[in-house]
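Each chain is listed here by its residues.
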Amino acid sequence: MSDLPKAYEPQAIAESLYARWLHDGNHRADPGSLKPAFSLVMPPPNITGMLTLGHVLNNSLQDVLARKARLEGREVLWLPGTDHAGLATEMVVERSLRKQRGIGRREAGREEFLRLVQEWRETHGRIIIEQLKKLGSSADWSRERFTMDGDYSRAVQRVFVELYRKGLIYRGKRMINWCPASLTALSDEEVLPREEQSNLYYVRYAVEGDPGSFLTVATTRPETIPGDTGIAVHPEDERYRRWIGGRALRPFPQGPIPIVADAAVDPTFGTGALKITPAHDKLDFEIGHRHGLPIVDILHPDGHLHCPAVPELDGLDRFEARKKAASLLEEKGLLAKVEDYLHTVGVSERANVPIEPRLSEQWFLRYPKLEEALRVVREGRIRFFPEHWEKVYEHWIENIQDWCISRQVWWGHRIPVWWKEGSHRCQVESPGPDWIQDPDTLDTWFSSWLWAFETMDPATRQKFYPTSVLVTGPDIIFLWVARMIIAGLEFQPGRGPGLEENIPFRAVYFTGLIRDRLGRKMSKSLGNSPDPLVLIEKYGADGLRFGLLRIAPQGQDIRFDEKQIEEGRNFCNKLWNACRFRIRYAPISADAHPWEHRLSPFAVEMLAALGRTGIRLEEAFAAYEFSEAAGLLYAFVWDDFCASFLEAAKVDLTREGSPTASGTLAAFDYALSWTLRLLHPFCPFVTEELWNRLELGPSTIQFAGWFGAAEARELEERLAATKEAALQARAIYQAAERGRHLRSTYGVPSNQKVPFLLRADTPLGDAERAVLAALASASEIADVDGPPPKAPMVLTAVGELYLPLEGILDLELERKRLTNEKEKLARNWKGIQERLQNPEVSARVPAEKLEAWKEQAKQLESAMRRIEDQLRELSQ
RNA sequence: GCGCGGUUAGCUUAGUGGUAGAGCGCUCGCUUCACACGCGAGAGGUCAUAGGUUCGAACCCUAUACCGCGCACCA
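Structural notes, computed from the coordinates. (Residues numbered from 1 in each chain as written. Chains lettered and ligands numbered in written order. Predicted model: local features only at pLDDT ≥ 70, side-chain atom pairs only at ≥ 80, totals over all residues. Heavy atoms only, no water.)

Quick look at the overall build of chain A
So, step 1. From N to C terminus, chain A includes 28 helices and 29 strands.
So, step 2. Whereas a compact globule of 876 residues would reach a radius of gyration of roughly 29 Å, chain A reaches 37 Å, over 25% beyond that.
So, step 3. Projected onto its principal axes, the C-alpha coordinates of chain A cover approximately 115 × 65 × 55 Å.
So, step 4. When burial is assessed residue by residue, chain A has 54% of its 876 residues classed as buried. (Helix = DSSP H or I, 4+ residues; strand = E, 2+ residues; numbered from the N terminus. Rg over C-alpha atoms; globule rule 2.2 N^0.38 Å. Buried < 20%, exposed > 50% of the residue type's maximum accessible area, 1.4 Å probe, protein only.)

Okay, structure coming up:
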């Protein structure tokens, strides 16, 4: 055990510690273990992903849970992996293909393109995994899974076949969300609403057989006019009633279209007349369907117009066409007016372009087990933290739509359907050489919804499924969380048929979103997302983790500020230096029993604070309040342990023949040993390093036990007889603080030792007096019987403290200070008196509370009297 | 439009009925023998607004405003 470097240098230790943990297999989960199980599955990051602060937060939280569980003696499985992210990866690879060879995936061909994706995945796909290791994540990397692994892929296909046979998966021609940039269908959940400033065009349609009459329609999309096959008005709308059943003239290509009545039209919006383009709008499609209107598709899949009948528009991009259509209308005198209009458009999550509602033949899933999915959450078998996400979940389940699961994407799980001469078969293996497999792949989420159990072999499932908790962001509550619950209930991977055994997790912890200092979302384009690896480089993984977790309250977004990470690092350094201090005194005891020694009041008080912290920590963890837990530990280490106890210990340890010195060392070692373990989940590296350097126990801290509520209570019981001592320690700390206030008020510099005088309420022992002197930087603290002449005074919990320095007393200042103090006390006293004298209060407030107030008033009175005495003294 | 959160010191926030707490930042003083990634002291708040309940409200209720999020077929 040698002296420690002056400051904690995270870079120097992290790598080798992590390598040792891996080498020793410390994070491997053993399904055969007899220990109680604790398990998590890591939300698999995309293979295109780079580590973001969101990942840091999410994985730090999981690591805290995993490491705490190991310390508690549980068998932990934290199962990691990556997600193939069909569309995202395909876009990334296609982009680089275009850049390098100037061709798209279609020119390259399916086989060649997939080869390139594989290649890309091998070189880039695990970057984020390596980054997670730098964070200290204690996942069981030997079990790393990938959603395109052979076994996993087969499971995805088997599940498809199973659901198909149950009649839950079907093929249908429906209105779906089409992404014109990625050229694929999307599910409703992958379409995000975005507010856009656009225009509302008022277009005049001539009414057939009624010369000079026009029906004006308000639309945001004049470019879809060629696809109009009708006009709809509300059946009760008096303005248009006479025209129902008639026809209007479509401006281009010119032609008559029927005017129909439909209750879905809102007569109060726009003009109350709606142009019907059944091929390009969901509502229009429904109305068109009801009235037997033809469907005219005027868009190519890529969003360019396909309408040879209107050459001016044909081939234009949809946004170009919009402008062109407006000017065509203008020319024809059919554009009544244009208004500015703010509205919401659906945007493709990945490609970030407005989606097109499009009629298309796709595969759909009718969700099974919805009743049960609702029930397991309502009945608390799965608990959400924060709780309010339950409502969001319920609302989604109750209004659920069939899931469009096919994608016109190559990178992904190929749909297990085989075609021959227009007929198809659904099975995993090919039915024969002349059968052709469906070209489409499955939505990536159709594979991730199996993640909680298809990543586990039977033995692992037996031990670890259902998992204990899922830590994830609320942005994927539908995409992933809800679907995983449904999958668990439907496929029943658990030990038995009960709901309880098949839910994928018992709790879901939703993290907050990390925003920048100005409250904006982190995004690449804003350039406001710091690189976590740079932060790790600067502050260490421990500093980053602790700093971030301390400011991440449950359920609230986090405003990120690098200052807070700096604080995390400073905290680690504080801990480091407390250990550095300890090493200099005496050998450390790995199994200290402070209660077997004679203890100073300061040691008692610190141990009591440890006990309090332990109990509150347990409550915080039970409620998944991680920032609360980190805050408790921060306060204990910084305030109770370092600022108070350690400073007092300096006196005890340097006093010749102090009878409490051995107790102070024992208390130090005992508290430090537990503190390191309590902090280990938050700061794995520095705690492991210190644990080893101080030789506090076995070769790794990771399984060294946990200071839970039971241990905390046991400690409190052992200290029960010493409550008085703890109070005394607190009184001395308070007196020292008041003394420093006096010094500061009179401008005595910190480095100048000055004598104090004390009129003590009860005699003060030498040891306590020495600590008070040290904390107040006093050269001595001498007893007096009465007020010394003309010396500034403060009231303290141990008596009146005077600073009797010749010539420094500023009478005016001192009078003002004391008068202010008295007034403050008086205000306080008055408030209590009013309460006590109010008959309604005494009638309602419990007696013990009244007693406490009376006691408080008495103390205030005594304090005021003393200040008055002093004021009188000064004016003599 | 409906629903859910939030609004406390310059910033980040704790505080679910009895005199508003912390960290950062700021000001001042300290190379005090663990730590300047530190130590000490101080200034700084009509708890978003308006009503209500209560002896008493940051806290409970009702509106309003602003911010964020979810949901929704008003073109």
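Anyway, onward from the coordinates.
Digging into the sheet that holds strand S23 (residues 505-510)
So, step 1. Overall, parallel pairing links the three strands, which are arranged S15-S23-S22 in an open sheet. Each having just a single partner strand, strand S15 (383-385) and strand S22 (467-472) make up the two edges of the open sheet. Sheet twist, expressed as the average angle between the axes of neighbouring strands with direction ignored, equals 20 degrees.
So, step 2. Bridge analysis of S15 against S23 gives three bridges, and the strand direction is parallel. (Pairing = 2+ DSSP bridges. Axes fitted to C-alpha atoms, helices over the stretch in contact; angles between N-to-C directions.)

Overview of the protein's contact with RNA strand B
So, step 1. Residues in close proximity to RNA strand B total 55 residues, the closest being Asp266, Tyr341, Asn577, Asn828 and Arg844.
So, step 2. Close to the protein, within 4 Å, the atoms of RNA strand B are drawn from sugar and phosphate at a rate of 59%.
So, step 3. Measuring from a phosphate oxygen of RNA strand B, one finds a side-chain N or O atom of His741 at 3.0 Å.
So, step 4. Elements represented by at least two residues in the surface near RNA strand B include exactly strand S8 (214-219), helix H11 (389-398), helix H18 (562-583), helix H20 (626-654), helix H24 (723-745), helix H26 (811-837), helix H27 (839-844) and helix H28 (847-874).
So, step 5. At eleven residues, H18 tops the list of elements feeding residues into the surface near RNA strand B. (Near = heavy atom within 4 Å. Polar contact = N/O pair within 3.5 Å; in protein donor to acceptor, adjacent residues only side chain to side chain.)

Quick word on the packing of H20 against helix H25 (residues 766-775)
Helix-helix packing: each pair is described by the crossing angle between the helix axes and the interaxial distance.
So, step 1. Viewed as axis vectors pointing N to C, H20 and H25 meet at an angle of 125 degrees, and their least axial separation amounts to 9 Å. As the angle between them shows, H20 and H25 are arranged oblique. Crossing hand, H20 versus H25: right-handed. In contact with Glu647, Ala648 and Val651 of H20, H25 contributes Ala770, Val771, Ala774 and Leu775. (Parallel < 35°, antiparallel > 145°, perpendicular 65-115°, else oblique. Left-handed = near helix turned anticlockwise from the far one by under 90°. Contact = heavy atoms within 4.5 Å.)

A look at the packing of H26 against H28
So, step 1. Interaxial distance between H26 and H28 falls to 9 Å at its minimum, and their mutual angle equals 155 degrees. It follows that H26 is roughly antiparallel to H28 by the angle criterion. Crossing hand, H26 versus H28: left-handed.
So, step 2. By residue class, the composition of the contact of H26 with H28 is 16 nonpolar, five polar and eight charged. (Nonpolar A, V, L, I, M, F, W, Y, C, P; charged D, E, K, R; others polar.)

Digging into unusual backbone geometry
So, step 1. In this chain, Phe252 is followed by Pro253 through a cis amide linkage whose omega measures -15 degrees.
So, step 2. Structurally, the position occupied by Pro253 is in the loop between strand S10 (247-250) and strand S11 (255-261).
So, step 3. Here the bond from Tyr465 into Pro466 is cis, since omega is 0 degrees, no more than 30 degrees from zero.
So, step 4. Position of Pro466 among the secondary structure elements: in the loop between helix H14 (458-464) and S22.
So, step 5. Here the phi dihedral of Ala85 falls at roughly 45 degrees; this positive angle occurs in a residue that is not glycine.
So, step 6. By relative accessible area, which is 7% here, Ala85 ends up buried.

Quick word on the sheet that holds strand S20 (residues 436-437)
So, step 1. Strand order in the open sheet made by the three strands is S19-S18-S20, with antiparallel pairing throughout. The sheet terminates laterally at strand S19 (423-426) and S20, the two strands that pair on one side only.
So, step 2. As paired strands, strand S18 (residues 417-420) and S20 are joined by two bridges and run antiparallel to one another. The partner of Trp419 across the bridge, within S20, is Ile436.

Some words on the nonpolar core
So, step 1. By size, the foremost hydrophobic cluster in this structure holds 112 residues, and its most contacted members are Phe641, Phe682, Phe685 and Leu690.
So, step 2. Ranked by residue count, the leading element in this core is H20, at 14 residues.
So, step 3. Sequence-distant contacts of Phe641, that is, excluding residues within four places in its chain, are made with Ala578, Met606, Phe636, Leu646, Phe668 and Ala671.
So, step 4. Counting residues in each nonpolar core, the second largest holds 59 residues, with Leu168, Ala452, Val508 and Phe510 among its members. (Core = buried A, V, L, I, M, F, W, Y, C linked by side-chain atoms within 4.5 Å.)

What to know about the pairing of S18
So, step 1. Taken together, the four bridges between S18 and S19 define a ladder with antiparallel strand orientation. The residue bridging Trp419 from the neighbouring strand is His424, located in S19.
So, step 2. Here S18 folds back onto S19, and the loop between the two strands holds two residues, one of which, Glu421, carries a positive phi near 45 degrees.

Considering H11
So, step 1. Where H11 is concerned, the buried positions are Trp389, Glu390, Tyr393, Glu394, Trp396 and Ile397. Seen end-on, H11 carries its buried residues on one side only, within an arc spanning 165 degrees. H11 presents Lys391 and His395 as exposed residues on the side facing more than 90 degrees away from its buried surface.
So, step 2. Looking at the packing, one finds that the buried side of H11 touches helix H10 (370-378), S15, helix H15 (477-491) and S23. (Arc of directions from axis to C-beta.)

Some thoughts on the state of the cysteines
So, step 1. Under the defined criterion, the tally for this structure stands at zero disulfides.
So, step 2. Here Cys426 is not disulfide-linked; the sulfur of Cys404 is the nearest cysteine sulfur, at 16 Å.
So, step 3. Given a relative accessible area of 6%, Cys426 falls into the buried group.
So, step 4. With no disulfide of its own, Cys579 lies closest to Cys642 among cysteine sulfurs, the gap being 8.8 Å. (Disulfide = S-S within 2.5 Å.)

Some thoughts on the environment of Lys816
So, step 1. Looking at the element boundaries, Lys816 is found in helix H26.
So, step 2. Taking the C-alpha atoms as reference, Lys816 lies 79 Å from Val409; in sequence the two are 407 residues apart.

Details of the pattern of salt bridges
So, step 1. Enumeration over the complete set of coordinates arrives at 65 salt bridges.
So, step 2. For Lys68, the salt bridge identified is with Glu72, shortest N-O distance 3.0 Å.
So, step 3. Owing to a relative accessible area of 30%, Glu72 belongs among the partly exposed residues under this scheme.
So, step 4. Connected via shared salt-bridge partners are Arg221, Glu223, Arg318, Arg322 and Glu356. (Salt bridge = Lys/Arg side-chain N within 4 Å of Asp/Glu carboxyl O.)

Quick look at the pairing of strand S28 (residues 793-796)
So, step 1. Burial of S28 is two-sided: the residues Met793 and Leu795 facing one way and the residues Val794 and Thr796 facing the other way are all buried.
So, step 2. The pairing of S28 with strand S29 (residues 799-802) spans four bridges and is classified as antiparallel. Looking at S29, one finds that Leu795 is bridged to Glu800.
So, step 3. Adjacent in sequence and paired antiparallel, S28 and S29 are bridged by two residues.

Quick look at the environment of Pro368
So, step 1. With respect to the element layout, Pro368 can be found in the loop between strand S14 (356-365) and H10.
So, step 2. Considered as a pair, Pro368 and Ala232 are 136 residues apart in the sequence and their alpha carbons are 37 Å apart.
So, step 3. When residues no more than four places from it in sequence are discounted, the contact partners of Pro368 are Leu168, Ile486 and Glu490.

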